[in-house]
Amino acid sequence: MAENKIIRCTLEDHAQPILEILNEAILNSTALYDYKARPFESMLHWFRVKTENNLPVIGIENENGDLLGFGSYGSFRGWPAYKYTVEHSVYVHKDFRCQGLGSILLKELIAEAEKNGMHSIIGGIDAENAGSIALHKKLGFEYVGTLNQVGFKFGRWLNLAFFQLLLETPSNPCDG
């Protein structure tokens, strides 16, 4: 039996499958607080920002080259003093959830954040997403608070829970 492999996603090879995973989550879950499926053009900007800022886009492919899931991180907030904090996202294709792929992707993102000298990783999770919350707790993330009724989707108010993992990096943080 062939194994899944961790890959670096590219615009050329992975924009369409990433978009399909995202759009399925937008239309059918509260994993994203968005209403409408995104057009392909949105991926051009998304990948450009990732590339220009040296931000990882990590995926898992099966033996056929199908993208099973992906994860990335980006700036937490736009001000310079947040430079050691990132907010991450992990999404798994609907047909491959509950198989440990989210854990693999999140572990890869944590390793990438450490390698890049980050200090804090933030996850914003819909407060009813028990699976994602359990995954984050399993990997050492701590619950740090909830913003109540900040989203409205599927006819109801949504609460956004925040989880944080503090890393030992960077070794020599500096201002500026």
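Everything discussed here concerns the structure shown above.
Cut-offs applied
- Residues numbered from 1 in each chain as written.
- Predicted model: local features only at pLDDT ≥ 70, side-chain atom pairs only at ≥ 80, totals over all residues.
- Heavy atoms only, no water.
- Helix = DSSP H or I, 4+ residues; strand = E, 2+ residues; numbered from the N terminus.
- Expected span 1.5 Å × (residues − 1).
- Buried < 20%, exposed > 50% of the residue type's maximum accessible area, 1.4 Å probe, protein only.
- Arc of directions from axis to C-beta.
- Contact = heavy atoms within 4.5 Å.
- Polar contact = N/O pair within 3.5 Å; in protein donor to acceptor, adjacent residues only side chain to side chain.
- Pairing = 2+ DSSP bridges.
- Axes fitted to C-alpha atoms, helices over the stretch in contact; angles between N-to-C directions.
- Lys, Arg positive; Asp, Glu negative; His and termini not counted.
- Salt bridge = Lys/Arg side-chain N within 4 Å of Asp/Glu carboxyl O.
- Parallel < 35°, antiparallel > 145°, perpendicular 65-115°, else oblique.
- Left-handed = near helix turned anticlockwise from the far one by under 90°.

S.K.: Could you clarify how one ought to interpret helix 2 (residues 41-52) in this entry?
M.R.: Since there are 3.6 residues in each turn of an α-helix, residues three or four apart along the chain are aligned in direction. End to end, helix 2 covers 17 Å across 12 residues, agreeing with the expected 16 Å (1.5 Å per residue, within 8%). Burial in helix 2 covers these residues: Met43, Phe47 and Lys50. Take helix 2 and look down its axis: the buried residues cluster within an arc of 60°, on one side only. Across from the buried face of helix 2, at angles greater than 90 degrees, the exposed residues are Glu41 and Glu52. The inward-facing, buried residues of helix 2 contact helix 1 (11-28), strand 2 (57-61) and strand 3 (67-75). Asparagine 54 sits one or two residues past helix 2 and shows a positive phi near 55°.

S.K.: Sorry if this is basic, but what is going on with the side chain of threonine 30 here?
M.R.: Tracing the sequence through the fold places threonine 30 in the loop between helix 1 and helix 2. Separated by 3.3 Å, the side chains of threonine 30 and aspartate 126 make a polar contact. If we ignore the near neighbours within four places in the chain, the residues touching threonine 30 are Asp126, Lys153, Phe154, Arg156 and Leu158.

S.K.: How do you make sense of the sheet that holds strand 6 (residues 142-153) when you look at a structure like this?
M.R.: In spatial order, the strands read 1-2-3-4-5-7-6; together these seven strands make up an open sheet with mixed pairing. Of all strands in the sheet, those bounded by a partner on one side alone are strand 1 (5-8) and strand 6. Taking the axes of each pair of neighbouring strands and ignoring which way they run, one obtains an average angle of 25° across the sheet. As judged from the seven bridges shared by strand 3 and strand 4 (residues 85-92), these two strands associate in the antiparallel manner. The partner of tyrosine 73 across the bridge, within strand 4, is histidine 88. Sitting on the sheet, helix 2 is in contact with strand 2 and strand 3, with an inclination near 60° to strand 3.

S.K.: Please clarify how the side chain of lysine 50 should be interpreted in this entry.
M.R.: You can see lysine 50 is positioned in helix 2. For the buried lysine 50, which has no salt bridge, the nearest side chain bearing the opposite charge is glutamate 87, at an N-O separation of 9.9 Å. Of note is the side chain of lysine 50, whose polar atom sits 3.1 Å from the backbone oxygen of tyrosine 73. When near neighbours in sequence (up to four residues on either side) are disregarded, lysine 50 contacts Leu55, Val57, Ser72, Tyr73 and Gly74.

S.K.: Hey, could you run me through the packing of helix 3 (residues 101-115) against helix 4 (residues 130-138) in this one?
M.R.: The axes of two packed helices give the description: the angle between them and the distance between them. Running from N to C, helix 3 and helix 4 cross one another at 45°; their axes reach a closest spacing of 10 Å. In terms of orientation, helix 3 lies oblique with respect to helix 4. Seen from above, helix 3 lies across helix 4 with right-handed handedness. On helix 4, the residues touching Gly102, Ser103 and Leu106 of helix 3 are Leu135, His136 and Lys138.

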